[in-house]
Amino acid sequence: MSTILFELGCEELPPKSLKLLRDALQESFIIQSAVANITFDSIKAFAAPRRLALRIEGISDKQPDRTEEKRGPAIKAAFDADGNPTRAAMGFAKGLGIEASELTTINTDKGDYVGYVQTIQGQATTELLPAIFQTALDNLPIAKRMRSGTSRNEFVRPVQWVVLMQDSAVIDATIQGHQTGNQTRGHRFHSPDYHTIAHANDYEQLLEGLKVVADFDKRQAFINNQVQALAAEVNADAIVPQSLLDEVTALVDFPIALRASFEPRFLQVPQEALISTMQADQKYFCLTDKAGKLQPYFIFITNIESKDPNQIIEGNEKVVRPRLADAEFFFLQDQKQPLFALTESLKNRVFQDKLGTIWEKSERIAKLAAFIAALMQQQGQQIDIDETVRAAILSKADLASSLVGEYPELQGIAGTYYARLNNEPEAVAASLEEQYLPKFSGDVLPKTPIGICLALADRLDTLVGIFAIDQAPTGSKDPFSLRRSAIGILRILIEKQLPINLVALVEQAIKNYSTADGSKITKMGDTFTKVIAFLNSRYRAMYTEQGVSVDTIQAVQAINPHMPLDFDQRIRAVQTFSELPQAEKLADSNKRVANILAKSEGAVADQVDASLLTEDAEKSLYEAVQKAQSNVTPLLETANYTQILQTLVSLDEPLTQFFADVMVNSEEAALKANRLALLKQVRALFLTVADISELQL
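Before going into details, it helps to say that this report is about the structure given with it. Computed from a predicted model, the values in this text were never measured in an experiment.

1. Let's talk about the overall build of the chain
Right, so step 1: Summing up its helical and strand segments, the chain has 25 helices and 22 strands in all.
Right, so step 2: Scaling as 2.2 N^0.38, a compact globule of 697 residues should have a C-alpha radius of gyration of about 26 Å, whereas the chain reaches 36 Å, well beyond that.
Right, so step 3: Principal-axis analysis of the C-alpha atoms places the extent of the chain at approximately 100 × 90 × 50 Å.
Right, so step 4: Counting over 697 residues, the chain shows a buried share of 48%.
Right, so step 5: Sequence separation of 24 or more characterises 68% of the internal contacts of the chain that already satisfy a separation of 6 or more.
Right, so step 6: With an accessible surface of roughly 32,900 Å², the chain has 48% of that area assigned to carbon and sulfur atoms.
Right, so step 7: Side chains of the chain give 70 positive and 89 negative charges; the mean places of these two sets differ by 5 Å.

2. Describing unusual backbone geometry
Right, so step 1: Here leucine 437 and proline 438 are connected by a cis peptide whose omega angle stands at -5°.
Right, so step 2: Here proline 438 is to be found in the loop between α14 (426-434) and α15 (449-468).
Right, so step 3: One non-glycine residue, lysine 211, adopts positive backbone phi at about 65°.
Right, so step 4: On the basis of relative accessibility, which here comes to 24%, the residue lysine 211 falls in the partly exposed class.

3. Details of the pattern of salt bridges
Right, so step 1: The tally for this structure, following the rule as stated, stands at 38 salt bridges.
Right, so step 2: One salt bridge connects glutamate 208 with lysine 218, and the closest N-O pair in it is separated by 2.6 Å. Here the residue glutamate 208 occupies a position in helix α5 (residues 203-209), and lysine 218 occupies one in helix α6 (residues 216-233), the gap between them amounting to ten residues.
Right, so step 3: Judged by its relative accessible area of 31%, glutamate 208 is partly exposed.
Right, so step 4: Across the salt bridge formed by arginine 259 and glutamate 233, the nearest N and O atoms sit 3.0 Å from each other. Of the two residues, arginine 259 sits in strand β16 (residues 256-261) while glutamate 233 sits in helix α6, which places them 26 residues apart along the sequence.
Right, so step 5: For arginine 259, a relative accessible area of 24% translates into the label partly exposed.
Right, so step 6: Judged by relative accessible area, glutamate 233 falls into the exposed class, the value being 56%.
Right, so step 7: Here the residues in one salt-bridge network are Lys44, Arg55, Glu57, Glu204 and Asp215, joined through shared partners.

4. Observations regarding the packing of aromatic side chains
Right, so step 1: Within the structure shown, the criterion is met by 15 aromatic pairs.
Right, so step 2: Look at tyrosine 539 and tyrosine 543: their rings are 6.3 Å apart centre to centre, the planes differ by 20°, and that puts the pair in the stacked class. A residue pair is termed a helical-turn pair when its members lie 3 or 4 positions apart in one helix, as tyrosine 539 and tyrosine 543 do in helix α18 (residues 524-545) at four residues.
Right, so step 3: On the accessibility criterion, tyrosine 543 (0% relative accessible area) is buried.
Right, so step 4: Considering the side-chain rings of phenylalanine 658 and phenylalanine 659, the 5.6 Å spacing of their centres and the 75° angle between planes classify their relative orientation as edge-to-face. Judged on exposure class, the residue phenylalanine 658 and its partner phenylalanine 659 are both buried.
Right, so step 5: Among the aromatic residues, those joined into a cluster by ring pairs are Phe6, Phe29, Phe40 and Phe133.

5. Observations concerning helix α21 (residues 583-599)
Right, so step 1: The terminal C-alpha atoms of α21, which comprises 17 residues, lie 24 Å apart, in line with the 24 Å expected from a rise of 1.5 Å per residue.
Right, so step 2: All buried positions along α21 are accounted for by Ala583, Leu586, Ala587, Ser589, Asn590, Val593, Ala594, Ile596 and Leu597.

6. Looking at the sheet that holds strand β18 (residues 294-302)
Right, so step 1: With antiparallel pairing, the four strands of this open sheet are ordered in space as β15-β17-β18-β16. One side of each edge strand has no neighbouring strand; the edge strands of this open sheet are β15 (237-238) and β16.

7. Some remarks on the nonpolar core
Soluble, globular proteins show a tendency: their nonpolar side chains are buried together.
Right, so step 1: Ranked by internal contacts, the top residues of the largest apolar core, which has 139 residues, are Met278, Ile372, Leu403, Tyr543, Leu648, Leu651 and Leu679.
Right, so step 2: No other element matches the 13 residues that α15 contributes to this core.
Right, so step 3: Excluding residues that lie within four positions of it along the chain, tyrosine 543 makes contacts with Ile494, Val548, Ile553, Phe567, Asp568, Ile571 and Arg572.
Right, so step 4: Ile4, Leu8, Phe155 and Val159 belong to the second largest nonpolar core, which has 36 residues in total.

8. Some thoughts on the environment of arginine 540
Right, so step 1: Relative to the helices and strands, arginine 540 resides in helix α18.
Right, so step 2: Residues arginine 540 and alanine 45, 495 residues apart in the sequence, show an inter-C-alpha distance of 38 Å.
Right, so step 3: Apart from residues no more than four positions distant in its own chain, arginine 540 is found in contact with Val550, Ile553, Gln554 and Gln557.

9. Examining the sheet that holds strand β1 (residues 2-10)
Right, so step 1: Spatially, β2-β3-β1-β9-β10 is the arrangement adopted by the five strands of the open sheet, whose pairing is antiparallel. Of all strands in the sheet, those bounded by a partner on one side alone are β2 (42-48) and β10 (169-170).
Right, so step 2: Bridge analysis of β2 against strand β3 (residues 51-59) gives seven bridges, and the strand direction is antiparallel. Pairing of alanine 48 across the sheet is with arginine 51, part of β3.

10. Notes on the environment of tyrosine 641
Right, so step 1: Of note, tyrosine 641 is situated in helix α23 (residues 641-648).
Right, so step 2: What makes tyrosine 641 buried here is its relative accessible area of 5%.
Right, so step 3: Through-space distance from the C-alpha of tyrosine 641 to that of alanine 690 is 9.2 Å; in sequence the pair is 49 residues apart.
Right, so step 4: Sequence-distant contacts of tyrosine 641, defined by excluding residues within four places in its chain, comprise Asp566, Gln569, Arg570, Ala573, Leu636, Thr688 and Val689.
Right, so step 5: Polar side-chain contacts of tyrosine 641 include one of 2.3 Å to the side chain of aspartate 566.

11. Quick word on the side chain of aspartate 652
Right, so step 1: The residue aspartate 652 is located in helix α24 (residues 652-661) in this model.
Right, so step 2: We classify aspartate 652 as buried; its relative accessible area is 5%.
Right, so step 3: Contact partners of aspartate 652, with chain neighbours within four places excluded, come to Gln582, Lys585 and Leu586.

12. Remarks on the layout of surface pockets
Right, so step 1: Estimates place the volume of the largest pocket at around 600 Å³.
Right, so step 2: Taken together, 20 residues line the largest pocket, and the ones lying closest to its centre are Gln411, Tyr436, Asp458, Phe480 and Arg484.
Right, so step 3: Within the residue set of the lining of the largest pocket, elements represented by two or more residues are α10 (358-378), α15 and α16 (482-495).
Right, so step 4: Considering every element that reaches the lining of the largest pocket, the biggest residue donor is α15, with three residues.
Right, so step 5: Empty space within the second largest pocket amounts to approximately 280 Å³.
Right, so step 6: If you go around the second largest pocket, the residues you meet are Val248, Leu251, Val252, Gln282, Lys283, Tyr284, Phe300, Ile301, Thr302, Ile304, Ile312 and Asn316.
Right, so step 7: Elements supplying a minimum of two residues to the lining of the second largest pocket: α7 (242-251), β18 and α9 (309-334).

13. Some remarks on helix α17 (residues 502-511)
Right, so step 1: Burial of α17 is extensive: seven of the ten residues sit out of reach of the surface.
Right, so step 2: Among the residues of α17, Leu502, Val503, Leu505, Val506, Gln508, Ala509 and Ile510 are the ones counted as buried.
Right, so step 3: Check the buried side of α17 and you find it contacts α10, α15, α16, β21 (514-515), α18 and α20 (564-578).
Right, so step 4: Among the residues of α17, the N-terminal cap falls to asparagine 501, whose side-chain oxygen and the backbone nitrogen of valine 503 are separated by 2.8 Å.

14. Remarks on the packing of helix α13 (residues 413-421) against α14
Right, so step 1: Contact geometry of α13 with α14 gives a least axis separation of 6 Å together with a crossing angle of 165°. As summarised for this structure, α13 and α14 are arranged roughly antiparallel, according to the angle between their axes. In the packing of α13 onto α14, the handedness of the crossing is left-handed. For the pair α13 and α14, contact is made by Ile413, Gly415, Thr416, Ala419 and Arg420 and by Glu426, Ala429, Ala430, Leu432 and Glu433, respectively.
Right, so step 2: Counted by class, the contact of α13 with α14 contains five nonpolar, two polar and three charged residues.

Analysis parameters
Residues numbered from 1 in each chain as written. Predicted model: local features only at pLDDT ≥ 70, side-chain atom pairs only at ≥ 80, totals over all residues. Heavy atoms only, no water. Helix = DSSP H or I, 4+ residues; strand = E, 2+ residues; numbered from the N terminus. Rg over C-alpha atoms; globule rule 2.2 N^0.38 Å. Buried < 20%, exposed > 50% of the residue type's maximum accessible area, 1.4 Å probe, protein only. Contact = heavy atoms within 4.5 Å. Areas by Shrake-Rupley, 256 points an atom, 1.4 Å probe, with all protein chains shown as cover. Lys, Arg positive; Asp, Glu negative; His and termini not counted. Charge placed at Lys NZ, Arg CZ, Asp CG, Glu CD. Salt bridge = Lys/Arg side-chain N within 4 Å of Asp/Glu carboxyl O. Phe/Tyr/Trp six-rings, centres within 6.5 Å; stacked < 30°, edge-to-face > 60°. Expected span 1.5 Å × (residues − 1). Pairing = 2+ DSSP bridges. Core = buried A, V, L, I, M, F, W, Y, C linked by side-chain atoms within 4.5 Å. Polar contact = N/O pair within 3.5 Å; in protein donor to acceptor, adjacent residues only side chain to side chain. 1 Å grid on protein atoms, 1.4 Å probe; cavity = no way out; pocket = protein on both sides within 12 Å on 5 of 7 lines; lining within 4 Å. Points joined across faces, edges and corners; volume = space filled by probe spheres on them. Axes fitted to C-alpha atoms, helices over the stretch in contact; angles between N-to-C directions. Parallel < 35°, antiparallel > 145°, perpendicular 65-115°, else oblique. Left-handed = near helix turned anticlockwise from the far one by under 90°. Nonpolar A, V, L, I, M, F, W, Y, C, P; charged D, E, K, R; others polar.

Now the structure itself:
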């Protein structure tokens, strides 16, 4: 057993891909070594700006030997009557490099054959590794490869050196067009020369002495610890998004964190704009106080251990100042006119060529938001319809602002700042930011009633409009993010406990596309059908992500509830029911009932004639159904679906006994019709919640 070290030295690798490349290289090697039947005890991947490396410990010296059974001609053809080998047998033996006398007999179902068990020696690991590493590199997820100079070898960045060692010895090979060796390079500035690696196990320690922390995770921990310590010195919290931390980690070999500051006057600018420019453009970590308010400090990571850190700090402060000044300029420029004035330019900005301008969209959002607000008022919610309309009219105004023009991610956020500066009601101002929530899967939802109205109206208007012009998502393409919008609608209605019917919302959204000049939607009925089907299809994606089984979702979808909150309550009830010991038998019985009713000829009566009940089992089932109907009615009024299904568990034994003792398809037509009616009532009771015959228990 030995240790293998592989290192690929390059020009600076793309920072946003470095972690992915590291993991892919390790995974690809594991797959390739398994195919080659090479075993090892452990593997560790390294990734730094100028290198990808693997250290494999306890690797087998060679493949295990294996045997192969070679089958030749049939015995009858291999030997003559005197038992001497024929030309066929001798030719087979010669092909294997053995004498005919060494052949053995192989017994099979189809007869006996001559054969030979051949032992194949396993190849040495060192002979196999060059091809394995080259294949692993070829399989890396690199979107665009490049060639360096006249070389025909392609990689994400020009390759400078390759190390391939077994313990202290070099494995002679050519990988990516470079001869392998035992020399690596340290930090580009602190230790740029080549250095010899004495032993594969010395790799990590040697590089740390050369100012390179090759372990990505270790380097990231160094950065995070330094950032937290510097933040604590000024009693602040650091904003450390994982994506930014990964990128910064990929940019440096030897991380040194330094804290700098900027003029407090910039804090009058929306902090989201300052944070955005410092994170995206400068890769800085911003600091906030305990309440989340931005502080006039930032932390950056340098790749040089400077003798005079103050010069680096001053340089970064000098660089960031113009960027913050730009944000300040845009913010002050926008304040020269009220937010409402910006809506005028929306009349010339196209939302979608066939769906009109952003201003027209704002008007439709206002109508739909007012409609939703009225529904919420009817349900006892405190919401001002006039303020809802005002918020909707202002909802897209900040798209015409200079600040959003420079920082598109501030849409809604900028509007909230400007609305507050214009002394708009707080309910109006807060909703302008909330209209875009949730922005991604698992994101927070709007909190204010008006924010909820805007978020629903905006998404529904887009959904209806895009489906009306036949631009629905296809396959993996969803340029308008309609799938995310649909799940956002469902989440808001469910998690905000809003008993609002999707049919009413979609119908109103379609109506809002009608103007005095006509409707932008030519096929209203077709659009309605497609949008409702699309929204219903999103339930499966949403609930499977929560761990709900597909058959549970199908059981509820089978009865097609149009109210997302009601749909969710039914899902929870079926989940609880599925855990009951009687659930499996009842699901099977419901399948049987459904099949019998489906095969029945003609319409099945709704009422049961008690005088036609002749068998004890059908009388018992009838009594159980009558009792269940009485118990279910008040529960249905309060949508207590969980209790309904628990009540219907009482039908388990009577239904099982009914199928055991009663012939449904009686020769007497009246008895058959009456028994079908009884089963129809059983089926109807369960369908008040879901079609549990869909359950696979």
